[in-house]
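Structural features, examined
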Amino acid sequence: MIKQENLRNIAIIAHVDHGKTTLVDALLKQTRMHRNIEEMGECIMDSMDLERERGITIRAKNVSVNYKGVKINIVDTPGHADFGGEVERILRMVDGVLILVDAKDGPMPQTRFVLRKALELGLKAIVVVNKVDLPDAQVDDVVNRTFDLFVELNATDRQLDFPIVYASAMRGTATLDMHHISDNIFPLLDTILKKIEPPTVDPDAPLQILILALLADFYKGKMGIGKITGGSMKVGGNAALIRKDGSKEVSKVTAILTYEGLERVERESAVAGEIVAVAGFDDVSIGDTITDPVNPTPLTPPDIDEPTVQMTFGVNTSPFAGREGKFVTSRNIRDRLMKETETNVSLRVSETSASDAFLVSGRGELHLAILIEQMRREGFELQVSQPEVIYHEKDGVKCEPFEFLTVEVPAEYQGSVIEELGRRKGKLKHVSQSATGSLHLEYQISTRGIIGLKGAMMTKTRGMAVINHVFDEYKPVESGAFNVEPRGSLVAIEPGVSTAYALENAQQRGEMFIGPNVDVYEGMIVGENPRGEDMPLSPVKTKKLTNMRSSTSDIAVVLTPPRELTLELAIEYIGSDELVEVTPKSIRLRKRILNTLARKRADRDKDKE
């Protein structure tokens, strides 16, 4: 066994918006990995449109920097627990982690989730306290809370002896001593070289690569990405692919790619300890092992936590179906979902009794919402149902998922927040007050209680609450129903184009989701009724012509701007008898049963049961 002293493999993990991608930008720019690096802008690693728009990392990405003759492979991991399937795989590639913590917020729920995974794998951590230059930074308090979190997550004595680096990713500076400010990021790189162990490998052992990510290349085909944990490989040499089901395929290695900065560079060979992309196996999947064909030694696939939330994805059956999308059939939707499961390992797709609907299970609402958003941008039309939690049977007891929830809210709204969470049977664990006077509340609450919470909080706190939650554990099902405020919908009773005259009357009944001159069909939800029951109305009614005046004279209509429905808010809003219609250009809410009379009969039959 030897140590690859000229190599380090690390992952950067952090809560959403704590500066993780900005820190990678600083590392790339100051090590001058590319001649035109300054022209690449900010958040260089956020390559997906959705990542740049939302400011979050969705897919883990590899990059490398060279410093003092050492190649440092860096993996930028998602900060949101809904994409934890990415994190659980990627942590198997690395030998250490950077835990990035905001100097004001401290360790947040998503940090807790990812750190737990890293500690369970025995990885050594470097704590980076970011944004120390901001006036509201509470550095000492954050360091103490981070240490407490390590203790709470059962870190070993070796893991508790973590180095601390104080950084400002935006300015590109890092220091080991708050009293001696640096003007560059190099103290962080020095700490990585000193504290993160180089890969310990056996170059003479049989070849072993556990495939933990996939890459599609137009010329080279499907490629598997992983770390060589034993042996070495050459282009043109034979290798065996051992799949998770035990089947074996021998093929030639047609290409080996390693990471140099942001680019993938072809190599003739690679040795143990390096992260590589390998071509030559058309049917490679995550969890497979590329190994020596003479002495095959497969590796154990990574354990991926089970999904906690499920939704039904179906063919769009509204009267507007096929107007805006290119892919509208059940075969199109099925093929796209099955393709997604190849790389999105925490996603599950199964058939239902209906030929045009599929049950899709994921790690949370955001996990599924991102998939839906990607599909609509690709030209798909579909309709999705209300999210439902997935129950487990444990020792004969029915259990449901519970989450760790934190809420940051101004003190004047604390009563409304505590009341709403009490209705949803959340258990208050901790309360603290920040330097700015806002309250920090920590709860354990069932996933059922989380569904619909963001919309309720937005109304009760006028959008001032900051909510974060992460899966915690499965516990016995909460008895009784939640005492949440009832909510109804304003439902269109006839098709047509909405008019300002009709909407002026409709907005007196509740908050509208549409404005004038919008195409409407019967059964479409056009607004929210605060009274807790559905109300049928006509948003297409026009002012009639009389013998006294024309239909357009003396009109002084004042309309309140409609509520803008994002995909996440639409998914949270709908009830069990409602659907979200998703097309490349529109997001509409609708009833499952569009016909008004048929819906009344169904409600009447349901009451008789």
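All of these numbers come straight from a predicted model, not from anything done at the bench.

A look at the pairing of strand β23 (residues 357-362)
Of all the 6 residues making up β23, 5 are buried; the element is thus mostly covered by neighbouring parts of the structure. Pairing of strand β21 (residues 309-314) with β23, which is carried by 6 bridges, proceeds in the antiparallel orientation. Note on β23: the bridge partner recorded for Thr-312 is Leu-359. When strand β22 (residues 348-351) meets β23, the two strands line up antiparallel, connected through 4 bridges. Note on β23: the bridge partner recorded for Ser-350 is Leu-359. Here β22 hands over to β23 after 5 residues, the two strands then running antiparallel side by side.

Some details on the pattern of salt bridges
All told, the structure shown has 35 salt bridges when counted by the stated rule. Glu-249 serves as the salt-bridge partner of Arg-243, at 2.6 Å between the closest nitrogen and oxygen. One salt bridge in this structure joins Glu-324 and Arg-588, with 3.3 Å as the shortest N-O distance. Here the residue Glu-324 occupies a position in the loop between β21 and α8 (330-343), and Arg-588 occupies one in strand β38 (residues 587-591), the gap between them amounting to 264 residues. Classification of Arg-588 by relative accessible area gives buried; the value is 11%. Residues participating in the shared-partner salt-bridge network are Glu-419, Glu-420, Arg-423, Arg-424 and Lys-460.

Some remarks on a positive patch on the surface
On the surface, a cluster of positive charge is contributed by Lys-600, Arg-601, Arg-604 and Lys-608. Looking at the secondary structure, you find Lys-600 in helix α15 (residues 596-608).

Side note on the packing of α8 against helix α9 (residues 365-377)
One can describe the packing of α8 onto α9 by two numbers: an axis separation of 12 Å at closest approach and a directional angle of 130 degrees. By the criterion of interaxial angle, the relationship of α8 to α9 is oblique. With respect to the hand of their crossing, α8 and α9 are arranged in right-handed fashion. Contact residues: Ile-333, Arg-336, Leu-337 and Glu-340 in α8; Leu-371, Gln-374 and Met-375 in α9. For the contact of α8 with α9, the residue count by class is 4 nonpolar, 1 polar and 2 charged.

As for the packing of helix α10 (residues 414-423) against helix α12 (residues 453-460)
One way to put it is that α10 packs onto α12 with a least axis distance of 10 Å and a crossing angle of 155 degrees. With respect to each other, α10 and α12 are oriented roughly antiparallel. Along this stretch, α10 crosses α12, giving a crossing that reads as right-handed. Seen from α10, the contacting residues are Ser-416, Val-417, Glu-420, Leu-421 and Arg-423; seen from α12, they are Leu-453, Ala-456, Met-457 and Lys-460. Of the residues belonging to the contact of α10 with α12, the class tally is 5 nonpolar, 1 polar and 3 charged.

As for the packing of aromatic side chains
Centre-to-centre distance and the angle between the planes together describe a pair of aromatic rings. This structure, assessed with the given rule, holds 6 aromatic pairs. Ring plane angle 45 degrees and centroid distance 6.3 Å describe the contact between Phe-147 and Phe-162, whose orientation is recorded as tilted. One end of the pair, Phe-147, is in helix α5 (residues 139-152); the other, Phe-162, is in the loop between α6 (157-160) and β7 (164-168), and 15 residues separate them in sequence. For Phe-162, a relative accessible area of 10% translates into the label buried. Here the aromatic rings of Phe-150 and Phe-162 are separated by 4.5 Å at their centres, their planes lie at 35 degrees, and the arrangement is tilted. Of this pair, Phe-150 sits in helix α5 while Phe-162 sits in the loop between α6 and β7, and the two are 12 residues apart along the sequence. Both residues of the pair, Phe-150 and Phe-162, belong to the buried class. Connected via pairs of aromatic rings, a cluster forms that spans Phe-147, Phe-150 and Phe-162. Here the basic side chain of Lys-398 rests over the ring of Tyr-391, its NZ or CZ set 4.4 Å away from the ring centre. Positioned over the ring face of Phe-402 is Lys-475, at 5.1 Å from the centre of the ring.

Some details on α8
In an α-helix, one turn spans 3.6 residues; hence positions three or four apart end up facing the same way. Turning to α8, its buried residues number three or more, namely Asn-332, Ile-333, Arg-336, Leu-337 and Glu-340. Along α8, the residues classed as buried sweep out an arc of 125 degrees about the axis, all on the same side. Opposite the packed face of α8, turned more than 90 degrees from it, sit the exposed residues Arg-331 and Lys-339. Structurally, α8 contributes buried residues whose contacts are with β21, β22, β23, α9 and β24 (382-384).

Things to note about the side chain of Thr-175
Locating Thr-175 in the fold gives a position in strand β8 (residues 173-175). Engagement of the side chain of Thr-175 in a polar contact is seen with the backbone oxygen of His-180, the distance being 2.6 Å. Apart from residues no more than four positions distant in its own chain, Thr-175 is found in contact with Val-165, Tyr-166, His-180, Ser-182 and Pro-187.

So, how was this worked out
- Residues numbered from 1 in each chain as written.
- Predicted model: local features only at pLDDT ≥ 70, side-chain atom pairs only at ≥ 80, totals over all residues.
- Heavy atoms only, no water.
- Buried < 20%, exposed > 50% of the residue type's maximum accessible area, 1.4 Å probe, protein only.
- Helix = DSSP H or I, 4+ residues; strand = E, 2+ residues; numbered from the N terminus.
- Pairing = 2+ DSSP bridges.
- Salt bridge = Lys/Arg side-chain N within 4 Å of Asp/Glu carboxyl O.
- Patch = residues over 30% accessible without salt bridge, like charges linked within 9 Å, V, L, I, M, F, W, Y side chains within 5 Å.
- Areas by Shrake-Rupley, 256 points an atom, 1.4 Å probe, with all protein chains shown as cover.
- Lys, Arg positive; Asp, Glu negative; His and termini not counted.
- Charge placed at Lys NZ, Arg CZ, Asp CG, Glu CD.
- Axes fitted to C-alpha atoms, helices over the stretch in contact; angles between N-to-C directions.
- Parallel < 35°, antiparallel > 145°, perpendicular 65-115°, else oblique.
- Left-handed = near helix turned anticlockwise from the far one by under 90°.
- Contact = heavy atoms within 4.5 Å.
- Nonpolar A, V, L, I, M, F, W, Y, C, P; charged D, E, K, R; others polar.
- Phe/Tyr/Trp six-rings, centres within 6.5 Å; stacked < 30°, edge-to-face > 60°.
- Lys NZ or Arg CZ within 6 Å of the ring centre and 35° of its normal.
- Arc of directions from axis to C-beta.
- Polar contact = N/O pair within 3.5 Å; in protein donor to acceptor, adjacent residues only side chain to side chain.

Note that all results are geometric; they support no functional claim without further evidence.
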